[in-house]
Amino acid sequence: EAGVAQSPRYKIIEKRQSVAFWCNPISGHATLYWYQQILGQGPKLLIQFQNNGVVDDSQLPKDRFSAERLKGVDSTLKIQPAKLEDSAVYLCASSSLAGVPDTQYFGPGTRLTVL
Amino acid sequence: AQSVTQPDIHITVSEGASLELRCNYSYGATPYLFWYVQSPGQGLQLLLKYFSGDTLVQGIKGFEAEFKRSQSSFNLRKPSVHWSDAAEYFCAVVPIIQGAQKLVFGQGTRLTINP
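Predicted model, so just to flag it, every value in this text is computed and none were measured.

Looking now at the environment of A:Ala20. Residue and element names in this part refer to chain A. Tracing the sequence through the fold places alanine 20 in strand β3 (residues 19–24). A relative accessible area of 41% places alanine 20 in the partly exposed class. Through-space distance from the C-alpha of alanine 20 to that of aspartate 56 is 20 Å; in sequence the pair is 36 residues apart. Excluding residues within four positions of it along the chain, alanine 20 makes contact with Pro8, Leu77 and Lys78.

Gaps between atoms show up when a probe of the same size as a water molecule is rolled over them. Roughly 700 Å³ of internal volume is contained in the largest pocket. Taken together, 29 residues line the largest pocket, and the ones lying closest to its centre are A:Gln37, A:Leu39, A:Gly40, A:Arg111 and B:Gln38. With four residues, strand β11 (residues 110–114) of chain A is the largest single contributor of residues to the lining of the largest pocket. The residue makeup of the lining of the largest pocket, split by class, is eleven nonpolar, 14 polar and four charged. When its volume is computed, the second largest pocket comes out at roughly 190 Å³.

Residues and elements named next belong to chain A. Spatially, four strands are ordered β1-β3-β8-β7 in an open sheet, and the strand pairing comes out antiparallel. Only two strands of the sheet have a single neighbouring strand rather than two, namely β1 (5–7) and β7 (65–68). The average undirected angle you get between the axes of adjacent strands in this sheet is 15°. Of the strand pairs in this sheet, β1 and β3 are connected by three bridges, and their pairing is antiparallel. In the strand pairing of β3, alanine 5 is matched with asparagine 24.

What counts, and at which threshold
- Residues numbered from 1 in each chain as written.
- Chains lettered and ligands numbered in written order.
- Predicted model: local features only at pLDDT ≥ 70, side-chain atom pairs only at ≥ 80, totals over all residues.
- Heavy atoms only, no water.
- Helix = DSSP H or I, 4+ residues; strand = E, 2+ residues; numbered from the N terminus.
- Buried < 20%, exposed > 50% of the residue type's maximum accessible area, 1.4 Å probe, protein only.
- Contact = heavy atoms within 4.5 Å.
- 1 Å grid on protein atoms, 1.4 Å probe; cavity = no way out; pocket = protein on both sides within 12 Å on 5 of 7 lines; lining within 4 Å.
- Points joined across faces, edges and corners; volume = space filled by probe spheres on them.
- Nonpolar A, V, L, I, M, F, W, Y, C, P; charged D, E, K, R; others polar.
- Pairing = 2+ DSSP bridges.
- Axes fitted to C-alpha atoms, helices over the stretch in contact; angles between N-to-C directions.

Right, here's the structure in full:
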């Protein structure tokens, strides 16, 4: 079974530029998550999708971050414009069950550096 | 405030020695409990989880964890560590909120193994 795929693995941009990350979850997984992991901290949930719909985006900085999950499969996370404090690893995860806690499977992450 | 605390930021043990990583949580109702491991450049991998039942949980790679309600703790243990266990370890919880699946992570404990 293929795991969660993410691209790119690394990205370096200047502040005020825009950037997009892509995630392909495990086949058949209904729930998809984006986490932000700042160096030295644990991951923090940015947004949770269940199929096409958003379940939780309470910690997503909506003035600059956006995310979508078209057709309930792949997802993209965008930052526009980026700030220095957005430097972090962005992790995508997926789980198979909807509405109940279940094992979340994580991708390798995208390391973003904002200069 | 609701939180997950890992008191030890960094632990060093000798290869073959026993290991215990501490985790405490502060929630009104006992949340669902998880331990994840993150090796350099890799995504998070689930070691074990506790939802209910036997308070001693066995996981992968020889790890186990014990849930103690009276101490609001879920400590991770391994009787004899291997050099390959060097990594970052995260305790995480899913609070008991209907429909919620958000993982809330602790700060992490970095484990170094001395040869």
